[in-house]
Amino acid sequence: MKDPIATARAAAAGLDRGSLIDRDRAGTFDRSGWIAVAEAGLTGLGTEYGLAADPPTIARLLAAFGEECHDNGLSLALNAHLWGCVGPLMRFGTERQKAMYGARLCGGSAIGALAATEPDAGSDLSTLSTRAERRDDGYVLNGRKLYVTNAPLADVVIVLAALDPERGPLGAAMFVVERGTPGLDTPEATETMGFRTARVGEVVLNDCRVSAGALLGAEGAGLAIFAHAMEQERRFIMAFAVGAMQRQLDACVRRARARRQFGRAIGDFQQISGKLVDMQLRLETARGLLHRAAEAGGRRSQRAALAAMAKYAISEAWVRNCEDAIQIHGGAGYAVQAGIERELRDAIGSRLFSGTSELQRETMARTLMLG
Ligand SMILES: Cc1cc2nc3c(=O)[nH]c(=O)nc-3n(C[C@H](O)[C@H](O)[C@H](O)COP(=O)(O)OP(=O)(O)OC[C@H]3O[C@@H](n4cnc5c(N)ncnc54)[C@H](O)[C@@H]3O)c2cc1C
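In the annotation of an unreviewed UniProt entry, the entry for the chain reads Acyl-CoA dehydrogenase family protein, and the organism field reads Sphingomonas canadensis. The record in UniProt for the chain states the following under Cofactor (unreviewed entry): "FAD". You can read under Sequence similarities (unreviewed entry) in the UniProt record for the chain the words "Belongs to the acyl-CoA dehydrogenase family."

**Q** How should I be thinking about the UniProt feature "domain: Acyl-CoA dehydrogenase/oxidase N-terminal" (unreviewed entry) in the chain in this particular structure?
**A** Under the UniProt annotation, "domain: Acyl-CoA dehydrogenase/oxidase N-terminal" (unreviewed entry) lies at residues 22–108. Helix makes up 71% of residues 22–108 and strand 0%, with an end-to-end C-alpha separation of 25 Å.

**Q** What is the right way to look at the nonpolar core in this model?
**A** For soluble globular proteins, the rule of thumb is that nonpolar side chains tend to be buried together. If you look at the biggest cluster of nonpolar residues, it comprises 66 residues, and the most contacted ones within it are Leu42, Leu45, Leu62, Phe65, Leu78, Ile314 and Trp318. If you list the elements that add at least two residues to this core, you get α1 (4–13), α3 (31–39), α4 (55–68), α5 (72–92), α8 (239–258), α9 (270–295), α10 (300–329) and α12 (340–350). Of all the elements, α10 adds the most residues to this core, at 11 residues. Excluding its chain neighbours within four sequence positions, the residues that come into contact with Leu62 are Leu45, Leu78, Asn79, Trp83, Phe236, Ala239 and Phe240. In this structure, Cys106, Ile158, Leu216 and Met230 belong to the second largest nonpolar core, which totals 25 residues.

**Q** How do you make sense of the domain arrangement of the chain when you look at a structure like this?
**A** Interface size, as often reported, equals the accessible area lost upon joining of the parts. Along its sequence, the chain is organised into domain 1 (4–107), domain 2 (112–220) and domain 3 (238–370). Relative to domain 2, the C-alpha centre of domain 1 lies at a distance of 22 Å. Across the boundary between the two partners, domain 1 contributes 26 residues, which contact 20 residues of domain 2. Summed over both sides, the interface between domain 1 and domain 2 buries roughly 2000 Å², with carbon and sulfur atoms accounting for 60% of that surface.

**Q** Mind showing me how you'd approach the environment of Thr43 here?
**A** Mapped onto the fold, Thr43 is located in the loop between α3 and α4. Judged by relative accessible area, which is 0%, Thr43 ranks as buried. Sequence spacing of Thr43 and Gly108 is 65 residues, and the spatial spacing of their C-alpha atoms is 5.3 Å. Among all residues touching Thr43, those that are not within four sequence positions of it are Trp34, Val37, Ala38, Leu78, His81, Leu82, Val86, Leu105, Cys106, Gly107 and Gly108. Polar contacts involving the side chain of Thr43 include one to the main-chain carbonyl oxygen of Cys106, which spans 2.8 Å.

**Q** Help me understand unusual backbone geometry in this model?
**A** Backbone phi values are negative for most residues with the exception of glycine, while trans is the configuration of most peptide bonds. The backbone of Asp207 shows a phi angle near 50 degrees, a positive value even though the residue is not glycine. Among the secondary structure elements, Asp207 is positioned in strand β7 (residues 200–211). Phi is positive for Ser354, which is not a glycine, with a value near 60 degrees. Relative to the elements of secondary structure, Ser354 occurs in the loop between α12 and α13 (357–370). You can call Ser354 buried: its relative accessible area is 8%.

**Q** How should the site of the ligand be read in this particular structure?
**A** If you check the shell around the ligand, you find 15 residues, and the closest are Thr117, Ser123, Tyr147, Thr149 and Thr356. Between an oxygen atom of the ligand and a main-chain N or O atom of Ala116, the distance comes to 2.9 Å. Side-chain polar atom of Thr149 to a nitrogen atom of the ligand: 2.8 Å apart, as the coordinates give it. Within the complex, 63% of the 970 Å² of free accessible area of the ligand lies under protein. If you list the elements that add at least two residues to the shell around the ligand, you get β1 (112–115), β3 (138–149) and α13. For the shell around the ligand, the per-class residue count stands at 8 nonpolar, 5 polar and 2 charged. Composition of the shell around the ligand by domain shows at least three residues from each of domain 2 (112–220) and domain 3 (238–370).

**Q** Would you explain the packing of α8 against α10 in this entry?
**A** Two quantities define a packed helix pair, namely the angle between the axes and the distance from one axis to the other. One can describe the packing of α8 onto α10 by two numbers: an axis separation of 10 Å at closest approach and a directional angle of 20 degrees. Classed by the angle they form, the pair α8 and α10 counts as roughly parallel. Viewed along their axes, α8 and α10 form a crossing whose handedness is left-handed. Here Phe240, Ala241, Val242, Ala244, Met245, Gln248, Ala251, Cys252 and Arg255 of α8 come into contact with α10, specifically with Ile314, Ala317, Trp318, Asn321, Cys322, Ala325, Ile328 and His329. The class makeup of the residues in the contact of α8 with α10 is 13 nonpolar, 3 polar and 1 charged.

What counts and what doesn't
For every chain, the first residue of the written sequence is number 1, and numbering continues from 1 along that sequence. The predicted nature of this model means local features are confined to residues of pLDDT at least 70 and side-chain atom pairs, given and counted, to a pLDDT of 80 or more, with totals for whole chains, interfaces and linings taken over all residues. Calculation of side-chain values draws on the structure's entire complement of heavy atoms; hydrogens and water are dropped beforehand. UniProt positions are given in the numbering used here, feature names are shortened, and annotations may be inferred rather than shown by experiment. Strands here are runs of E lasting at least two residues and helices are runs of H or I lasting at least four, both read from the DSSP assignment and numbered beginning at the N terminus. Throughout this description, the term nonpolar core refers to a set of buried Ala, Val, Leu, Ile, Met, Phe, Trp, Tyr and Cys residues connected via side-chain atoms within 4.5 Å. Burial classes follow relative accessibility: with a 1.4 Å probe on protein chains only, a residue under 20% of its type's maximum area counts as buried, one over 50% as exposed, and anything between as partly exposed. When checking whether two residues touch, look at their non-hydrogen atoms; a contact exists if any pair is within 4.5 Å. Note that the domain bounds reflect an automated or database-derived domain assignment. Note: buried area is the sum, over both parts, of the accessible area (probe 1.4 Å) each one loses when the two are combined. Whenever a nitrogen or oxygen atom comes within 3.5 Å of another N or O atom, the pair is scored as a polar contact, on the condition that within protein one atom can donate a hydrogen and the other can accept it, and that pairs from neighbouring residues in sequence are kept only if both atoms are in side chains. If a single non-hydrogen atom of a residue is within 4 Å of a molecule or strand, that residue counts as near it. All accessibility values rest on the Shrake-Rupley procedure with a 1.4 Å probe; residue burial counts only the protein chains present in the view. Note on residue categories: nonpolar means Ala, Val, Leu, Ile, Met, Phe, Trp, Tyr, Cys or Pro, charged means Asp, Glu, Lys or Arg, and polar means any other residue, Gly included. Throughout, an axis means a line fitted to C-alpha atoms (over the contacting stretch in the case of helices), and angles, computed between N-to-C directions, take values from 0 to 180 degrees. What sets the label is the angle itself: under 35 degrees gives roughly parallel, over 145 gives roughly antiparallel, 65 to 115 gives roughly perpendicular, and the rest give oblique. For any pair of crossing helices, the crossing counts as left-handed if the nearer helix is rotated counterclockwise from the farther one by less than a right angle, and right-handed if it is rotated clockwise.

Listed below in structure tokens is the structure:
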């Protein structure tokens, strides 16, 4: 059997890096890169249809992928597909749903998305405006979702909607909606600060009629399924950034050795070598938390807290390391060509998706207080 980590690394190493600056500027998704990632089994990672790996291996594998893949947008697209769509479908889907979508999604010929965020419901999804109404033998969906990763590309969108709003959080449901379903629209991508090669956009549902078979899990289980998906996502979604931080630290060390000012390598100045040390400490702390979250068993609240800790610590470390990387590179770090300013723009976005940094801290605080 092939080594899954080596497979992921090799797939990422083969991606086209030369066009990245232009694609970032234009906001272009790397379709051929996606196909290469799919052929390596990554679009079905951890499922019967994709690259087999246990959770600790998944974390290592995605970090190795992120180290070689300079296109963080592609990494985000892959993670949104895996944890937002493939994960909940394979865990909570009926045999029929898995037969309909599983092989296509896991094989990468279909791209998945999860549509939860709304204009008036972001961190707090207990007051959804998107409605699902029971009609005839199925449901009719109406509403608008924002900032959905992969929305403009997605073949399958999992939609969170309020079915029995008077039941509050217990009245939500999830639906699997296929592109082409009348009433489902994914308008142009939203222009974003970072992750510009991922396509983030709206999902609009206008009298979108789906069959009873589109319900994912049970009526009323929407937020529980969402919470499960987010916990899984937070365990792994920042693994690629741990790889990206390693790549960045290596580049900074090379620069600190090679760049000479005042007749010495800039790494000889303690203010520069100190930054390298800070970067390494943040990276290794982030890596340690990634592995702890990936390996976590035990009580649900403790697992959730570790996942929140990993997600929070890695995204914050990534932002800080990007700032130091620019400083170490001086003006060259501020120039687009070096790719570090792009990394910073991407890193800032990671503080927001999958629950903001503030919400991760809330989860950690609650676990501390309640035990
Ligand atoms: C790159 C990217 C990709 C994304 N992908 C997806 C996707 O695939 N699917 C999807 O559905 N959504 C996606 N999102 C949306 C993301 O999940 C939301 O932006 C996020 O949940 C925050 O919601 P909001 O933007 O409405 O901010 P708000 O909830 O309005 O928050 C605004 C500010 O208030 C703070 N805040 C809110 N409540 C509290 C609290 N209780 N305590 C302390 N502070 C609080 C927040 O931390 C934040 O700083 C994505 C976002 C980004 C940037």
